[in-house]
Amino acid sequence: MKALLKRDHWPLWVVFLVIALALILPAVLPWTYDQIDWDAVRAPAFSGSHIFGTDEIGRDRLARLAAGTRVTLTVAIAAALVSLVVGIAWGATAGWIGGKVDEVMMRFVDALYALPFMFIVILLMVIFGRSILLVFVGIGLVEWLTMARVVRGQVMALKQRPFILAAEAAGSPPLTIILKHILPNIAGVALAYLMLTVPQVVMVESFLSFLGLGVQEPLTSLGILVKEGADDMDMTPLGLMLPGGLLVILLVCLTIEGERLRDIYS
Amino acid sequence: MLALVARRLMTAVPTLLAIILASFFLMRLAPGGPFDGERPLPPETQAALQAAYGLDKPLWEQAWIYVSRLVQGDFGPSLVYRDFTVSELVAQGLPISLTLGGLAIILALFIGISAGLFAAVQAGKAADKAIMMFATVATALPTFVTGPALALFFGLWLGLLPVSGTGEGWSWLIMPVVALALPVSGAIAKLTRAGLATVLKQDHIRTAKARGLPETKILFKHGLRPALVPVASYLGPAAAGLLTGAVVVETVFGLPGLGRYFVQGALNRDYPLVLGVVTLYAALIILFNLFADLIYGWLDPRMREG
């Protein structure tokens, strides 16, 4: 924790600031994200109580940004956790059992890596309706591959270490060894890759929402806001620049911090 | 080398088949069909249409018919664009998507490798740090933000480039290709830089330096080739990324490529169209991975046997 307080972890603090604003603003602002101000359609920035103005049907931009950020980050964290669980389970199993099982399981991962997986996710979205639950299950199922590879490598390396061999010799069942001795040792690396998964997931979620396949109205997300902004950019460029800029800032900060963590642990 | 190609092609067929069947059954699990319009059709018309397109047969039989026609190169009729076969639609869209993707990967390789090379030569200096910072930012730039942003700036404000459509000449290609290439070039720059950093520390480079070879020759002849191995292994995922990016870019810039047909087809439940596009995408990615493997073997002769 102390390490995180250092000054060069500014990207993390930017992310925290964005999260804090996304949580606090909806409670403070006079407008909700879906409320229409009939007297101020496409209002410019700093007009009356609309700090960033309003969109093409008179909804407060700042309120929508906060709500969209909230949805995007919630989906991202949930999906990253899905990928964490699936990835660790798959990678640890393959790494621990080894041999033929490992071979088959990792070939499967290799095969999935090469697939146009985004397209299967798009199909899933179209087919099973566009519920927010499905959005992150779908994304989580795509993004677990790297995690599985990394965890497998770590488990393979740990397996040969004396303290694991000792636990085995003492007769601990495999599941206990994995949960008690292996998982705590791979937590750091897993955290680093989790950090790198979050921007990936943000990107996928926004991509789906941009195509109209992700989160649905009246809910909003950064992807939807970018789409709305792009559709209306000839009238009010601010509508594209605000959510687009925020999205890029979030993605850049998360990527920098994730890569830094990854370099520390590997 | 030939053995590798043969083995890859052998695994490509079952992979393709699995993708086709998975997409086929996934799509049919869905509620709704291609003939649900604004106004519901009379039941007998529905039934007649279903029968005409063979949609009333058992699913397994339909899947079998589809695959056996596909083997003969017949993608079937489009259910929504009634006057066209899927092959005709695909023949229209594929060249556009291939041009976009091909140009984007060439541009990304050019920018990425030169930037990575320059950064590695300047290792530790301000230029190195700046380039790597830019590369990180570039990898995090989603095409659906850069696309509209470019269109806004160069298209609407400066009026330099066409905002949508294919139009005259080739200027319509610039913005879509740049939007597609940016994140890939960032990743390639990082990989090149990291690869060179490891390679330049190795013995054969020290030997070359000790023999007094000129710096540039060492860099290009002895350093760059092994350093590009990680770049080659990134090409497969990059191709998949470009194809997904192309869906967005084609939507943003109103280009009638494969990606647009895919999204439209999926929304309209145009089963044969979606299947056709998925099959093509999968085949393209598999081909590109094979190509990447060949480059890999060329860069690092130790890989040729494996």
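About the cut-offs
Residues numbered from 1 in each chain as written. Chains lettered and ligands numbered in written order. Predicted model: local features only at pLDDT ≥ 70, side-chain atom pairs only at ≥ 80, totals over all residues. Heavy atoms only, no water. Helix = DSSP H or I, 4+ residues; strand = E, 2+ residues; numbered from the N terminus. Buried < 20%, exposed > 50% of the residue type's maximum accessible area, 1.4 Å probe, protein only. Contact = heavy atoms within 4.5 Å. Areas by Shrake-Rupley, 256 points an atom, 1.4 Å probe, with all protein chains shown as cover. Lys, Arg positive; Asp, Glu negative; His and termini not counted. Charge placed at Lys NZ, Arg CZ, Asp CG, Glu CD. Buried area = accessible area lost by both parts, 1.4 Å probe. Salt bridge = Lys/Arg side-chain N within 4 Å of Asp/Glu carboxyl O. Polar contact = N/O pair within 3.5 Å; in protein donor to acceptor, adjacent residues only side chain to side chain. Nonpolar A, V, L, I, M, F, W, Y, C, P; charged D, E, K, R; others polar. Expected span 1.5 Å × (residues − 1).

## Some words on the overall build of chain A
Okay, so step 1: Helix and strand counts for chain A come out as 10 helices and zero strands.
Okay, so step 2: With the principal axes as the frame, chain A shows a C-alpha extent of 75 × 45 × 25 Å.
Okay, so step 3: Counting the 266 residues in chain A, one finds 53% classified as buried.
Okay, so step 4: Contacts spanning at least 24 positions in sequence make up 70% of the contacts within chain A whose residues lie at least 6 apart.
Okay, so step 5: A total accessible area of about 12,100 Å² is found for chain A, and carbon and sulfur atoms account for 69% of it.
Okay, so step 6: Distance between charge centres in chain A, computed from 19 positive and 21 negative side chains, equals 12 Å.

## Remarks on the interface of chain A and chain B
Much of the literature gives interface size as the accessible area that the parts lose upon coming together.
Okay, so step 1: With 35 residues of chain A at the contact, the number on the chain B side is 40 residues.
Okay, so step 2: Across the chain A to chain B interface the summed buried area is about 3,200 Å²; carbon plus sulfur atoms make up 87%.
Okay, so step 3: By the criterion of area lost to chain B, the three top residues of chain A are F119, L123 and I127 of chain A, representing 20% of everything that side buries.
Okay, so step 4: On inspection of chain A and its partner chain B, the count reaches one salt bridge.
Okay, so step 5: The shortest N-O distance in the salt bridge between K190 of chain B and E259 of chain A comes to 2.4 Å.
Okay, so step 6: For the pair chain A and chain B, the number of links is one residue pair in polar contact (both at pLDDT 80 or more).
Okay, so step 7: Mapped by element, the contributors of at least two residues to the side of chain A that touches chain B are α4 (117-127), α8 (174-210), α9 (222-231) and α10 (238-265) of chain A.
Okay, so step 8: With 10 residues, α10 of chain A is the single largest residue contributor to the side of chain A that touches chain B.
Okay, so step 9: Taken together, the residues that form the side of chain A that touches chain B break down as 29 nonpolar, three polar and three charged.

## Overview of the environment of G116 of chain B
Residue and element names in this part refer to chain B.
Okay, so step 1: Tracing the backbone shows G116 in helix α4 (residues 86-121).
Okay, so step 2: Its relative accessible area of 0% is what places G116 among the buried residues.
Okay, so step 3: Each C-alpha atom of the pair G116 and L219 lies 12 Å from the other, and the pair is 103 residues apart in sequence.
Okay, so step 4: The residues touching G116, leaving out its near neighbours within four places in the chain, are A189, T192, R193 and L196.

## A word on helix α6 (residues 143-157) of chain B
Okay, so step 1: A rise of 1.5 Å per residue sets the reference length of α6 of chain B, with its 15 residues, at 21 Å; its end C-alpha atoms lie 20 Å apart and thus fit the reference within 8%.
Okay, so step 2: In this fold, the buried residues of α6 of chain B make contact with α8, α9 and α10 of chain A together with α7 (174-199) and α10 (229-252) of chain B.
Okay, so step 3: Positive backbone phi, at 65 degrees, marks G159 of chain B, one or two positions downstream of α6 of chain B.

## Section: the pattern of salt bridges
Residues and elements named next belong to chain A.
Okay, so step 1: Per the counting criterion, the structure on display carries eight salt bridges over all chains.
Okay, so step 2: Across the pair D263 and R262 runs a salt bridge whose closest N-O atoms are separated by 3.6 Å.
Okay, so step 3: Residues participating in the shared-partner salt-bridge network are R59, R64 and E228.

## Quick look at the side chain of S209 of chain A
Residue and element names in this part refer to chain A.
Okay, so step 1: With respect to the helices, strands and loops of the structure, S209 is situated in helix α8.
Okay, so step 2: Here S209 falls in the buried class, since its relative accessible area comes to 4%.
Okay, so step 3: Side-chain polar atoms of S209 contact the side chain of S221, separated by 3.3 Å.
Okay, so step 4: Not counting residues up to four positions away in its chain, the partners in contact with S209 are G214, V215, S221, G223 and I224.

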